[in-house]
Amino acid sequence: GIFVAFACLFLLSKVIMLSVKKFFPHNAGFIWRQSLSNLFRPNNQTTVLVLVIGLGAFLISTLYIVQTSLLNQVEFVGDSNQSNTILFDIQNDQKVNIVKMTESHGLPVKQLVPIVTCRLAEINGIPIREIQKDTTDEIPNWALTREYRVTYRDTLNASEELVEGAIQHKNESDSVFVTISNGMQENLELEIGDQIIFDVQGFPITTYIGGIREVDWPQDPPNFIFVFPTGVLEEAPQIYVLTTRIDDQSTADKYSRELVASFPNVSLIDLRLILKTISGFFDKVSFVIRFMALFSIITGLIVLAGAVINSRYARMKENVLLRTLGAVKKQIVGLTIIEYSYLGVFAGLAGILLSILSGWTLSLFMFEVIFFPEPVGLFIIWFGVVFLTVFVGWWNTRGIINKSPLEILRKEV
């Protein structure tokens, strides 16, 4: 990746020199002509500065993109709006009263989900035992023998996206089409239209894969591998799970006391302490990532400044010559700012564009997180690189224009 960045920046430096030379503004003022001619004159520093400035911007921006992508991944999505209290083992005749009790405490009912347990009996007409005996089959044994908890509905949740096929449904001939999560679809090597027979607590139900869902599992669970349409599992033995959110301890105490008194069989899990611990852990992870990224960025800025300072010696003699020929302080400062602005803008922009490519590659293939570039932050980095380049260039010139040409020449000799 660094080799590709070097090659692209080297080509950019050549393009800058050729473009300025070809489209040189001969009718422009002295400052513009002199500053732009510095980009392609003999012994120019364009290639070196474009490489160093562009590579510095590339590394800094790549670190920033990876940082934002990682922090976006570990940010706890349930910190402010996700359920933190779960009630399970709710019976069918209890669900209405439990919903009323929850709402009477001013609590939202996030989800009220029926859950049915079942196992796989056959896949495409082949019993599960036969599939297990087939040594050439690569389906994991745990995916074949595990107990599945499924639900039924005719809609998608906010955490689901249909990526192939159709939503779970029954057709005119009462054939049952279920949807499956994309991860398990790959494990079971299933395709749209494949047949699955479920053993629902001793009762076989023939289904077909009708659609494949992409599931964001952490987003407000429970989420499910298989989802049935309505009108199939309503009579099967099942329990309900209710999720809600409680923000203060007094409400949680009152709610749990009334639940135990009215529905002793229903279990309540208070996730607030767990969520608080996880949130604190993620805060520490975020701090470490930000600290390391900031440390690396500061180091990169120091290297960038050092590279620009090294160009001081290449500029010194020509600025002395301009002073000797009658150039004033304002002109030397102006041509320096224009030249370094040109280099900073194009080298910084090239480095940031290359960092977007490298950040995408690192996020997707190395860290396996969502690629999350932040345009405002990248613009600030670009502006900072340009400002630093111009500032250091001006600072180099400042040491020369405040002294007489003879004094500087004596030091050089």
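Up top is the structure these notes are about.
Residues numbered from 1 in each chain as written. Predicted model: local features only at pLDDT ≥ 70, side-chain atom pairs only at ≥ 80, totals over all residues. Heavy atoms only, no water.

A. Summary view of a nonpolar patch on the surface. The grouping of Ile337, Val376, Phe379, Ile380, Phe383, Phe387, Phe391, Trp394 and Trp395 at the surface amounts to a nonpolar patch, some 940 Å² of accessible area in total. A per-element tally of the nonpolar patch places helix 13 (residues 375–401) first, with eight residues. Along the chain, Trp395 falls in helix 13. (Patch = residues over 30% accessible without salt bridge, like charges linked within 9 Å, V, L, I, M, F, W, Y side chains within 5 Å. Areas by Shrake-Rupley, 256 points an atom, 1.4 Å probe, with all protein chains shown as cover. Salt bridge = Lys/Arg side-chain N within 4 Å of Asp/Glu carboxyl O. Helix = DSSP H or I, 4+ residues; strand = E, 2+ residues; numbered from the N terminus.)

B. The pairing of strand 9 (residues 203–215), seen in detail. Pairing of strand 5 (residues 160–165) with strand 9, which is carried by five bridges, proceeds in the antiparallel orientation. Note that in strand 9 the partner of Glu161 across the bridge is Glu214. Relative to strand 9, strand 8 (residues 195–200) is paired through six bridges, and the arrangement is antiparallel. Each residue of the ladder has a partner; that of Gln195, found in strand 9, is Tyr208. As consecutive antiparallel partners, strand 8 and strand 9 are separated by two residues, and within that stretch Gln201 has a phi angle of approximately 55°, a positive value. (Pairing = 2+ DSSP bridges.)

C. The arrangement of helix 2 (residues 30–37) in detail. For helix 2, the set of buried residues is Ser35, Leu36 and Ser37. The secondary structure elements touched by the buried residues of helix 2 are helix 1 (2–22) and helix 12 (329–366). (Buried < 20%, exposed > 50% of the residue type's maximum accessible area, 1.4 Å probe, protein only. Contact = heavy atoms within 4.5 Å.)

D. Just the layout of surface pockets, in detail. Taken as a whole, the second largest pocket holds about 350 Å³ of empty space. Lining the second largest pocket we find 20 residues, and of these Ile115, Arg149, Pro222, Phe224 and Val241 sit closest to its centre. (1 Å grid on protein atoms, 1.4 Å probe; cavity = no way out; pocket = protein on both sides within 12 Å on 5 of 7 lines; lining within 4 Å. Points joined across faces, edges and corners; volume = space filled by probe spheres on them.)

E. Structural view of the pattern of salt bridges. Inspection of every chain in the model, using the stated rule, returns four salt bridges. Between Arg153 and Glu160 there is a salt bridge, and its shortest N-O distance comes to 3.0 Å. Judged by its relative accessible area of 12%, Arg153 is buried. Taking the shortest distance from any N to any O, the salt bridge between Arg245 and Asp247 comes out at 3.0 Å. Asp247 gets classed as exposed once you look at its relative accessible area, which sits at 62%.

F. Here's a closer look at the packing of aromatic side chains. Within the structure shown, the criterion is met by 10 aromatic pairs. Each ring, one from Phe24 and one from Phe40, has its centre 5.8 Å from the other, and the planes form 90°; the classification is edge-to-face. Taken together, the positions of Phe24 in the loop between helix 1 and helix 2 and Phe40 in the loop between helix 2 and helix 3 (46–74) put the pair 16 residues apart, joining distant regions of the chain. A residue is classified by how much of its surface remains accessible, and Phe24, at 14% relative accessible area, is buried. An aromatic cluster is present here, built from Tyr148, Phe198, Phe226 and Phe228 joined pairwise through their rings. (Phe/Tyr/Trp six-rings, centres within 6.5 Å; stacked < 30°, edge-to-face > 60°.)

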